[in-house]
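Chain residues, written in single-letter form:
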Amino acid sequence: MSLTRPTKDEIVAANRASWNEAADHHRAHDQYKRLLECFARPGFSMLDEVMATRLQAIGLDGKAVAQLCCNNARELLSIKNLGAARVTGFDFAEEFLAQGRELAAAGGIEAEFVQTDINAIPADYDGQFDLAVVTIGVFGWQPDLAAFFSTARRVLKPGGRLFIYEDHPILNMYDDRDTGGPPQPDESYFRSEPYRSDNGLDYWAKQDYAAKPNYWIFHKMSDVIMGLVRAGFAIEDFEEFPHNIGTREHMENQPQQLPLSYVLVGRKAG
Ligand SMILES: C[S@@+](CC[C@H](N)C(=O)[O-])C[C@H]1O[C@@H](n2cnc3c(N)ncnc32)[C@H](O)[C@@H]1O
């Protein structure tokens, strides 16, 4: 961990290199092989009930859907299988987009993948989408949350929705390893310095490797909510949950249960 303060551009460049470096580690994991097998089955969806129910209520049939920071696009491909007409995944890590293309090919799923920093999405995509989706571990990589929400607004049609299903920011206070016993906070919720890690991003195997540095930013729940509002979204849904959607299985079912995840939905106003 270091307290040096890199610029926003340095953070994005470092994180991109770190994600690309992580791709081979993920590819080697059984979970990736299982995804390839699962997507070969027609209509496969890996969305959990919370996400599937809410997206079906919003309506997917015939919709154009974007996933911002899509990684291997497992959620986006599930959304296509659940009825979306057109799906586009944006991510700056070409090595993960390659995996997305492989998963799509395994199921014969039509999907578009665009390699770009999220805040540099080409203007061709402005106003193209009914729905933009953000899931599990995206905001912490963003040095500029206002820019991120502005991009989300830009790519949506008028009245389009941004659907967020994220790790709860209170998790930033806790180590993501199971140290045994009840979770103990070791960071401030209000930390303002980027958190540097050199341990890599193999959160599937939960194994460190000698890695390029990456930077994680602590955004409070209020930063996310007010960022959405300031960007011109009307909040339609917000709910916090006790269940893990990322790497915090060990933090579920505690006597003093923390919020581990949340859904937040904004509608593009105006
Ligand atoms: C934790 S992953 C998202 C996980 C995915 N929702 C899932 O559950 O499989 C975060 C993704 O954000 C991407 N990312 C981070 N910052 C980005 C940026 N500025 N522009 C584009 N992609 C970015 C990374 O490449 C990575 O694929």
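See the structure shown above.
Right, let's walk through the structure included here.

Calculation criteria
Residues numbered from 1 in each chain as written. Predicted model: local features only at pLDDT ≥ 70, side-chain atom pairs only at ≥ 80, totals over all residues. Heavy atoms only, no water. Helix = DSSP H or I, 4+ residues; strand = E, 2+ residues; numbered from the N terminus. Buried < 20%, exposed > 50% of the residue type's maximum accessible area, 1.4 Å probe, protein only. Contact = heavy atoms within 4.5 Å. 1 Å grid on protein atoms, 1.4 Å probe; cavity = no way out; pocket = protein on both sides within 12 Å on 5 of 7 lines; lining within 4 Å. Points joined across faces, edges and corners; volume = space filled by probe spheres on them. Nonpolar A, V, L, I, M, F, W, Y, C, P; charged D, E, K, R; others polar. Pairing = 2+ DSSP bridges. Axes fitted to C-alpha atoms, helices over the stretch in contact; angles between N-to-C directions. Core = buried A, V, L, I, M, F, W, Y, C linked by side-chain atoms within 4.5 Å. Near = heavy atom within 4 Å. Polar contact = N/O pair within 3.5 Å; in protein donor to acceptor, adjacent residues only side chain to side chain. Areas by Shrake-Rupley, 256 points an atom, 1.4 Å probe, with all protein chains shown as cover. Phe/Tyr/Trp six-rings, centres within 6.5 Å; stacked < 30°, edge-to-face > 60°. Salt bridge = Lys/Arg side-chain N within 4 Å of Asp/Glu carboxyl O.

So, about the environment of aspartate 175. Here aspartate 175 is to be found in the loop between β5 (156-167) and β6 (195-197). With relative accessibility at 36%, the residue aspartate 175 sits in the partly exposed group. Remark: the alpha-carbon pair of aspartate 175 and glycine 100, spanning 75 residues in sequence, is separated by 29 Å. Filtering out sequence-adjacent residues up to four positions away, aspartate 175 remains in contact with Asp186, Arg248 and His250.

Attention now moves to the layout of surface pockets. In this structure, the second largest pocket occupies an estimated 180 Å³ of space. Sorting the residues of the lining of the second largest pocket by element identifies α6 (145-155) and α7 (221-230) as the ones contributing at least two each. Counted by class, the lining of the second largest pocket contains six nonpolar, three polar and three charged residues.

The strand order β3-β2-β1-β4-β5-β9-β8 describes an open sheet built from seven strands, whose pairing is mixed. Since the sheet does not close on itself, it has two edges, and those belong to β3 (112-115) and β8 (233-241), each with one partner. On average, each strand axis in the sheet is tilted by 15° relative to the strand beside it, whichever way the strands run. Two strands pair when backbone bridges link them, and strand β4 (residues 129-135) and β5 are joined in this way by six bridges, in the parallel orientation.

Quick look at the nonpolar core now. Generally speaking, a soluble globular protein has its nonpolar side chains buried in company with each other. Core analysis: the largest hydrophobic core is formed by 33 residues, its most contacted members being Met51, Leu55, Val65, Leu77, Ile79, Phe163 and Tyr165. Within the residue set of this core, elements represented by two or more residues are α2 (30-39), α3 (49-58), α4 (74-81), α5 (94-107), β4, β5 and β9 (261-268). Counting residues in each nonpolar core, the second largest holds 30 residues, with Phe139, Phe149, Leu228 and Phe233 among its members.

The next thing to look at is the site of the ligand. By nearness alone, 18 residues border the ligand, and Arg74, Asp91, Asp117, Ile118 and Thr135 come closest of all. Between the ligand and threonine 135 there is a distance of 2.7 Å, counted from a nitrogen atom to a side-chain nitrogen or oxygen. Taking glutamine 142, its side chain carries an N or O atom lying 3.3 Å from a nitrogen atom of the ligand. Computed on the free molecule, the ligand has an accessible area of 600 Å², of which 97% lies beneath the protein chains in the complex.

This paragraph deals with unusual backbone geometry. Phi angles above zero are rare outside glycine, and asparagine 71 is one such case at about 55°. Assignment of secondary structure puts asparagine 71 in the loop between β1 (64-68) and α4. Not every positive phi belongs to a glycine, and asparagine 253 is a case in point at roughly 60°. Tracing the backbone shows asparagine 253 in the loop between β8 and β9.

Applying the stated rule across the entire model yields 12 aromatic pairs. The interplanar angle of 85° and the centroid separation of 4.9 Å between the aromatic rings of phenylalanine 39 and phenylalanine 44 together place this pair among those described as edge-to-face. Both residues of the pair, phenylalanine 39 and phenylalanine 44, belong to the buried class. Here tyrosine 125 and phenylalanine 129 contribute two aromatic rings whose centre-to-centre distance is 6.4 Å and whose plane-to-plane angle is 5°, an arrangement assigned as stacked. Just as tyrosine 125 is buried, phenylalanine 129 falls in that class too. An aromatic cluster of three or more residues is present, and its members are Trp19, Phe96, Trp141 and Trp216.

Let's shift gears to the pattern of salt bridges. A side chain with one charge can pair with a side chain of the opposite charge if their charged atoms come near. Taken as a whole and judged by the stated rule, the model has 15 salt bridges. With a shortest N-O distance of 3.3 Å, lysine 8 and aspartate 144 are connected by a salt bridge. Of the two residues, lysine 8 is situated in helix α1 (residues 8-27) and aspartate 144 in the loop between β4 and α6; the sequence distance between them amounts to 136 residues. For lysine 8, a relative accessible area of 47% translates into the label partly exposed. Look at aspartate 144 and you get partly exposed, because its relative accessible area is 24%. Taken together, the salt bridges that share partners define one network made up of Arg54, Asp237 and Glu239.

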